[in-house]
Amino acid sequence: MPPMRTALLQSSGQPGDVAANLKVLDEAAARAAATGAGLLVAPEMFLTGYAIGDDVARLAEPADGDCADAVADIAVRHGLGIAYGYPERDGETVYNAAQLIGPDGARLANYRKTHLYGGFETDSFTPGDQPVVQAELGGLRVGLMICYDVEFPENVRAHALAGTQLLLVPTALMHPAEVVAESVVPVRAFENQIYVAYANRTGQEGDFEFVGLSALAGPDGTARARAGRGEELVVGDADPELLTASREANPYLRDRRPGLYTSLT
């Protein structure tokens with residue numbers, strides 16, 4: 001099975017301007033496809049912006065709304081899968097969500113952030129209750145998670161045990177939490193023997209300073225691709241053959257003793 005070339009869009013787009021952000025996503029998809037990428041991952045809340053206050057509720061859309069149709073059109077035209085963050089409306093409830101669209105425009109998976117961070121998120125969103133959401137893409141089992149979720153080891157381990165090979169994490173990581181991008185994410189990939197695609201926002205947005213440092217972390221605990229602090233598109237390969245070899249060499253998942261861990265639940 002060939003590697004899944006994965007592109008990470010590190011950008012905050014234009015907060016509050018959905019049309020502008022769809023244009024940024026379209027341009028990034030064209031650049032990603034030109035590198036041979038089969039997947040583009042955009043940051044948390046990319047379609048609307050993160051620090052948009054009460055506009056979260058106004059701009060929130062159903063998972064199958066107009067924005068999903070627009071992203072599906074972009075995916076089809078450029079022939080690649082797209083994962084992106086957005087505020088999802090389900091009746092009167094709003095979730096911080098991420099959706100994966102396939103290269104044929106099909107909606108493959110929709111995930112609602114389970115661990116909300118800080119007062120802005122807890123005031124604006126309802127937490128999701130499904131920790132493991134997966135889809136098949138390019139022969140890989142792909143999982144979805146959002147930002148703060150990846151900082152909980154139980155969350156990522158649940159994905160590894162469910163067979164996730166490539167975990168997509170749209171993110172809005174802020175200063176001074178650079179350690180998450182630099183150290184925690186590669187460790188999550190290593191201890192769970194998976195790939196983690198961590199796509200962050202960048203720059204100042206309202207009261208928040210996003211730090212960039214997007215990465216595709218591999219099962220060897222290294223960043224196979226790493227962005228700096230500014231607007232950037234970085235590309236790396238999630239190689240299933242390397243993953244298989246790494247899991248043979250590193251027996252964390254085989255050597256677990258679940259009977260000893262009952263206190264965790």
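Per-chain numbering applies: the sequence of each chain, read as written, is numbered from 1 onward. In view of the model being predicted, local features appear only for residues whose pLDDT reaches at least 70, and side-chain atom pairs are presented and counted only at 80 or more, with totals across whole chains, interfaces and linings using the full set of residues. To obtain the side-chain values, all non-hydrogen atoms of the structure were included, while hydrogens and water were left out.

1. Comments concerning the sheet that holds strand β12 (residues 215–217)
Within a sheet, each strand pairs with its neighbour through backbone hydrogen bonds, oriented either parallel or antiparallel.
Right, so step 1: Following DSSP output, two strands are said to pair if at least two bridges run between them. Only DSSP runs of H or I with at least four residues qualify as helices, and only runs of E with at least two residues qualify as strands; both kinds are numbered from the N terminus onward. In space, the 6 strands of this open sheet follow the order β6-β7-β8-β9-β12-β13, with mixed pairing throughout. Each of the sheet's edge strands pairs with one partner strand only, and the pair in question is β6 (133–137) and β13 (223–226). Averaged over all pairs of adjacent strands, the angle between their axes in this sheet comes to 20 degrees, without regard to strand direction.
Right, so step 2: In this sheet, β12 lies alongside strand β9 (residues 195–199) in antiparallel orientation, the contact comprising 3 bridges. For Y198, the partnering residue across the bridge sits in β12 and is A215. An axis is simply a line fitted to the C-alpha atoms; with a helix, the fit covers only the stretch in contact. Between two such axes, the angle follows the N-to-C directions and lies from 0 to 180 degrees.

2. Focus: the sheet that holds strand β2 (residues 39–41)
Right, so step 1: Reading across from one edge, β5-β4-β3-β2-β1-β14 is the order of the 6 strands in this open sheet, with mixed pairing throughout. Each having just a single partner strand, β5 (107–112) and β14 (232–238) make up the two edges of the open sheet. On average, adjacent strands in this sheet sit at an angle of 30 degrees to one another, irrespective of strand direction.
Right, so step 2: Note: strand β3 (residues 81–90) against strand β4 (residues 93–101), 9 bridges, orientation antiparallel. If you follow E88 over to β4, its bridge partner there is Y95.

3. Side note on the packing of helix α1 (residues 18–34) against helix α3 (residues 66–78)
Right, so step 1: One way to put it is that α1 packs onto α3 with a least axis distance of 9 Å and a crossing angle of 20 degrees. Between α1 and α3, the angle falls in the class roughly parallel. Both α1 and α3 take part in a crossing whose hand is right-handed. Across the interface between the two elements, V18, L22, L25, D26, A29, A30 and A33 of α1 pack against C67, A70, V71, I74, R77 and H78 of α3.
Right, so step 2: Partitioned by chemical class, the residues of the contact of α1 with α3 number 10 nonpolar, 1 polar and 2 charged. Any angle between 65 and 115 degrees counts as roughly perpendicular, while under 35 counts as roughly parallel, over 145 as roughly antiparallel, and the rest as oblique. Helix crossings are classified by the rotation of the near helix relative to the far one: an anticlockwise turn of less than a right angle makes the crossing left-handed, while a clockwise turn makes it right-handed. Residue contacts follow a heavy-atom distance rule, with two residues in contact if any of their heavy atoms lie within 4.5 Å. Residue classes follow a fixed rule: Ala, Val, Leu, Ile, Met, Phe, Trp, Tyr, Cys and Pro count as nonpolar, while Asp, Glu, Lys and Arg count as charged, and any other residue, Gly among them, counts as polar.

4. Comments concerning the pairing of β13
Within a regular strand, side chains alternate between the sheet's two faces.
Right, so step 1: As judged from the 3 bridges shared by β12 and β13, these two strands associate in the antiparallel manner. Paired with A215 across the strands is R226, a residue of β13.
Right, so step 2: What sits between β12 and β13 in their antiparallel hairpin is a turn of 5 residues, with G221 showing a positive phi close to 80 degrees.

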